[in-house]
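Results of the structural survey
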Amino acid sequence: MSKRVYINTIGCQMNVYDSERIVNSLIPLGYETTPSVESADLIITNTCTIREKAEQKAFSFLGRLAKLKRKNKDLIIAVGGCVAQQQGQTILKRMSHVDLVFGTRALGRLPLAIEKIAKQRCRIVDVDMSSSLEDEALQSHVLKADTVSKFVTIMRGCDNFCAYCVVPHVRGREISRDPALIIKEIEQLVNEGVREVTLLGQNVNSYGKKEGLCTFVELLSRINTIEGLSRIRFTTSHPKDLSGELINAFGSLEKLCNHLHLPIQSGSNRILKRMNRKYTREAYLTKVAELRVACPEISITTDIIVGFPGETLADFEDTLSLIRQMRYDSLFVFNYSDRPLVPSRKFTPKVPEKDKNTRLQQVLDVQKTITEEIHAARVGQTMPVLVEGHSKRQKMEYSERIDTPLQWSGRTTCNKIVNFIADGSTKAAPADFTGETVCVSIERALSHSLWGKLKEKASDCSALKGDRSYAA
Ligand code: SAH
Ligand code: SF4
Ligand code: F3S
């Protein structure tokens, strides 16, 4: 009889990718996933510790599992990811219902550990970081294409040691995967129906350097030739390492999307220095200017931290002025959070929580206006959209509202969500658009998305990058 595994994923895209591999590596043991935590034989939490809140989320979920364990003594509870790596044994001491703690480089050993626990009812901690990246158990996984777009991790770890960041401490030193294995993985995904990949690494610009593999741009060029793949995205590129070669790739690789996530963190040079970011506001702006020459259509997004220790009102004003100058398409903003092991933990003066909240809200307000203006300028344009499926709201409402035209959802190459309808008058409308790149005329701009109608002729937007797959 098959056993059921429930997996709860907290944190970044790397954890999403790892969770999929974890689930796949458990198939040979007879596990299939369940959406119901109550019916699971094995519950895995893949955790994040980037900010205190993420860690609290993991522990509050784990706390709620104690009563399930009391009801079912055979239930196995496992904790993986960045909190697991950081706290190891402490988690077992703190929570008697947890059976297994596995770190960020123990993924390949997970099936063996689960089998051992099932047989011997022992408790295991595995936070060894010395393993190679390409574990056999992870290679043998069956790739499933349940979505049009997939993440592919190309490197693990980070060597940058930004003063606030826990990642180098919990993910270890940077290691790049073999390009041949990355290509093989993407080809398999494309065979299964995937049309877009997002390559993941904490700093993709240093891909392959240590190991003497190919460069990141060479890897992109190779992926660009994979037949059937429509789009390539990647995240993250550290501004200090954003090379001229990569900037030019945005103008020359036709599958590379017109979007770059380029985290600035702060607009103040004094704070950037204290953060150990190794670039200035001016150097960042120069690179962005070059990018906009190489690819005028590029959309740029960013991450901001407010309330870094020592951040004055003048420093914060520099961040606001940078946001206004940059006119980001969108951004993520976080309150600074003290993390274990990081240098900034000892930096003073700390910014009071209420001031961080005020600054966070100010950033959101400034950005909201900019995003709305950028979205409004899109009304009336025709944009290529890679269709991901029905819009979320439609999925919920469709059973009750079958009279409304079916609404589809996808993204533009510049990463805007577009919801659209393809009504009966549209001859170009095939039964299912999922995985296709179609042209949509934008009729309405919303704060987080655009809304439009399917256009009949693909040729209307053929001048734009990334839509070649429509004609194919
Ligand atoms: N490698 C990526 C970022 C990974 S972490 C990069 O360098 O861009 C994602 C984001 O979390 C960071 O960009 C930063 O804005 C935020 N972050 C990291 N540590 C934080 C902390 N201690 N407090 C608040 N935000 C933090
Ligand atoms: Fe953290 Fe900096 Fe590495 Fe990004 S580059 S993961 S912010 S240490
Ligand atoms: Fe969180 Fe670890 Fe990712 S700390 S952001 S899950 S690398």
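One can find the structure itself at the top, above this paragraph.
Residues numbered from 1 in each chain as written. Chains lettered and ligands numbered in written order. Predicted model: local features only at pLDDT ≥ 70, side-chain atom pairs only at ≥ 80, totals over all residues. Heavy atoms only, no water.

**What to know about the pairing of strand E15 (residues 382-390)**
In terms of residue burial, E15 counts as a mostly covered element, since seven of its nine residues are buried. Pairing geometry for E15 and strand E18 (residues 437-445), over five bridges, is antiparallel. Residue pairing for E18: Pro384 is matched across the bridge by Cys439. As judged from the four bridges shared by E15 and strand E16 (residues 407-411), these two strands associate in the antiparallel manner. Paired with Gly389 across the two strands is Ser409, which belongs to E16. (Buried < 20%, exposed > 50% of the residue type's maximum accessible area, 1.4 Å probe, protein only. Helix = DSSP H or I, 4+ residues; strand = E, 2+ residues; numbered from the N terminus. Pairing = 2+ DSSP bridges.)

**Remarks on the site of ligand 3**
The full set of residues close to ligand 3 is Cys12, Asn15, Thr47, Cys48, Thr49, Ile50, Cys82, Arg171 and Gln202. When its residues are assigned to classes, the shell around ligand 3 shows four nonpolar, four polar and one charged. (Near = heavy atom within 4 Å. Nonpolar A, V, L, I, M, F, W, Y, C, P; charged D, E, K, R; others polar.)

**Quick notes on the environment of Cys257**
With respect to the helices, strands and loops of the structure, Cys257 is situated in the loop between helix H11 (244-252) and strand E12 (259-261). Exposure remark for Cys257: the relative accessible area of 2% places this residue in the buried category. The spatial distance from the C-alpha of Cys257 to the C-alpha of Ser299 is 9.4 Å, given a sequence separation of 42 residues. Sequence-distant contacts of Cys257, that is, excluding residues within four places in its chain, are made with Arg231, Ile232, Arg233, Phe250 and Thr413. (Contact = heavy atoms within 4.5 Å.)

**Focus on the sheet that holds strand E11 (residues 231-235)**
Strand order in this open sheet of three strands is E7-E10-E11, and the pairing throughout is parallel. Pairing within the sheet leaves two strands with one partner each, and these edge strands are strand E7 (149-153) and E11. Shown here is a sheet whose adjacent strand axes are inclined to one another by a mean of 25°, direction ignored. Here E7 pairs with strand E10 (residues 196-200) via five bridges, running parallel. Among the inter-strand pairings, Ser149 is bridged to a residue of E10, identified as Glu196. Across the sheet, helix H1 (residues 13-25) lies against E7, E10 and E11, angled at about 95° from E7, the strand it touches most. (Axes fitted to C-alpha atoms, helices over the stretch in contact; angles between N-to-C directions.)

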